[in-house]
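Observations on chain architecture
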Amino acid sequence: MFSEKIRFWLLISFVTISGFSQGMLLPLLAVILEQNGVPSSVNGLHATGLYIGVLIASPFMEKPLQKLGYKPIILIGGFLVLGSLFVFPLWQALWFWFVLRLLVGIGDHMLHFATQTWITSTALPEKRGRTIALYGLFFSLGFSLGPLMTRLLAIHESLPFLVSAGLCSIAWILVLFIRNEHVDLSDEVETVEVTSSIGRFIKTGKLAWVALLSPFAYGILESSLHGIFPVYGLRIGHDVDLLSLVIPFFSIASLVTQIPLGVLSDKLGRKKMLMLLISSGIIVFFVGALIEHAVAGLFITFALAGMLLGSLYSLGVSFMADLLPKALLPAGNIMCGIAFSMGSIVGPYIGGQFIELFPNLSFFHVIVVLLLVVVIAISTKKEAQGTMSASA
């Protein structure tokens, strides 16, 4: 059995590989389906399978974790992911791959829910912030490296799936040697029961809906840039190798600015910071539409967008915590996750429909419009949200 320190880094490694697999699947499947002549709207709808799987799994995670402990949930989730990765190359059928995407989404959610709760519950209070930051950092790192696997398509179409599945298998085997632990979540957080959650969710929505827009917008950005932009990029003349290098810049750039932007938001206020970042992101994507045919233009657009908008989810969660009383924080965190998943489902479909209906317009224009809607929605509640912030 491993020590707590080794256990922590094993869990971090598994999370990194899981992020790597997620970051690989979105652009990889988008490119394969595009090369097979699948319409972009169908391609975008297909990409939602991963996030639908997350939504399906969300209501059923807490009780199995309490009953079985952390390790079995991690192993079951990891097995669903690595098993699906091994099966992907066996049969190319839209419905079959969609089912596999669902299974990957369910498995990833099980894996992340268990590892994040385990790490959080065992971290020392004075080091909890740093510990969770490491968790998020390594997941984002894995997610940003995943798109590089599309370069392996030039060797063999099955190779990216097999490499990712092999890495997951190694991490899964190592987890077998970790001692299982149990935790009673009711001692740490307010359990949101089905019979009583509706009222709390409604109240949370009334108080903090403006904060939920940021995770929603981030879900749209992340899923559409990874799942649909590769299709658009191929159509405007860029090759797969270039796209596999450009797309990770969004996630990589966000790693550089997450902590500084979080500190700055403490000084300026979360709402003002979000307004500033989203407005700046609109400018970046508007200019990006003008320079998208140049290789340097794409790299600059993705890097600046990541630096400005890559922290939308974490800032949205912080904003939600500013607006809500402590009793509603569990419901608020759940709703942030749901908002992100909904954005991740909507993003690829809207993006796919856009490039199919408006082939002569830049894909970045649809992102500009979506961000504009979000920033206007936030601004319309300026006085109300200021009141709530003061009372929170």
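Residues numbered from 1 in each chain as written. Predicted model: local features only at pLDDT ≥ 70, side-chain atom pairs only at ≥ 80, totals over all residues. Heavy atoms only, no water.

1. Focus on the overall build of the protein
The helix and strand inventory of the protein stands at 18 helices and 0 strands. Working note: accessible area of the protein is about 16,900 Å², and carbon and sulfur atoms make up 71% of it. (Helix = DSSP H or I, 4+ residues; strand = E, 2+ residues; numbered from the N terminus. Areas by Shrake-Rupley, 256 points an atom, 1.4 Å probe, with all protein chains shown as cover.)

2. Remarks on the pattern of salt bridges
Tallied over the entire structure, the rule returns 2 salt bridges. Glu181 is the partner of Arg7 in a salt bridge, and the nearest nitrogen-oxygen pair spans 2.8 Å. Taken together, the residues Arg7 in helix α1 (residues 4–35) and Glu181 in the loop between α8 (159–175) and α9 (194–227) connect sequence positions 174 residues apart. (Salt bridge = Lys/Arg side-chain N within 4 Å of Asp/Glu carboxyl O.)

3. Examining the nonpolar core
The tendency in soluble globular proteins is for nonpolar side chains to be buried side by side. Counting residues in hydrophobic clusters, the biggest one holds 109 residues, and the most contacted among them are Phe285, Phe363 and Phe364. Here this core takes 17 residues from α1, the largest share from any one element. Leaving out residues up to four positions away in the same chain, Phe364 has contacts with Leu225, Phe229, Phe285, Gly288, Ala289, Glu292, Leu298, Thr301 and Phe302. (Core = buried A, V, L, I, M, F, W, Y, C linked by side-chain atoms within 4.5 Å. Buried < 20%, exposed > 50% of the residue type's maximum accessible area, 1.4 Å probe, protein only. Contact = heavy atoms within 4.5 Å.)

4. Some words on the packing of helix α2 (residues 40–47) against helix α3 (residues 49–57)
As a packed pair, α2 and α3 sit with axes 5 Å apart at the nearest point and diverge in direction by 30°. Between α2 and α3, the crossing angle belongs to the class labelled roughly parallel. On the side of α2, the interface is formed by Leu45, His46 and Ala47, while α3 contributes Gly49, Leu50 and Tyr51. Per-class residue counts for the contact of α2 with α3 are 4 nonpolar, 2 polar and no charged. (Axes fitted to C-alpha atoms, helices over the stretch in contact; angles between N-to-C directions. Parallel < 35°, antiparallel > 145°, perpendicular 65-115°, else oblique. Nonpolar A, V, L, I, M, F, W, Y, C, P; charged D, E, K, R; others polar.)

5. Overview of the packing of aromatic side chains
Any pair of aromatic rings gets described here by the distance separating the centres and the angle formed by the planes. Counted under the stated rule, the structure contains 22 aromatic pairs. Ring centres of Phe88 and Phe161 lie 5.2 Å apart, and the angle between their planes is 15°; on these two criteria the pair is classed as stacked. Note that Phe88 is positioned in the loop between α5 (70–87) and α6 (94–122) and Phe161 in helix α8, a separation of 73 residues in sequence. In this structure Phe88 comes out as buried when scored by relative accessible area, which is 0%. Using a relative accessible area of 1% as the deciding quantity, one classes Phe161 as buried. Consider the rings of Phe354 and Phe358, whose centres lie 5.4 Å apart with planes at 45°: the pair is tilted. Overall, the relative accessible area of 13% leaves Phe354 in the buried class. (Phe/Tyr/Trp six-rings, centres within 6.5 Å; stacked < 30°, edge-to-face > 60°.)

6. Some words on the side chain of His238
Looking at the secondary structure, you find His238 in the loop between α10 (229–235) and α11 (240–246). Only 2.9 Å separates the side chain of His238 from the backbone oxygen of Glu292, close enough to count as a polar contact. Not counting chain neighbours up to four residues away, the residues in contact with His238 comprise Gly233, Leu243, Glu292, His293 and Leu298. (Polar contact = N/O pair within 3.5 Å; in protein donor to acceptor, adjacent residues only side chain to side chain.)

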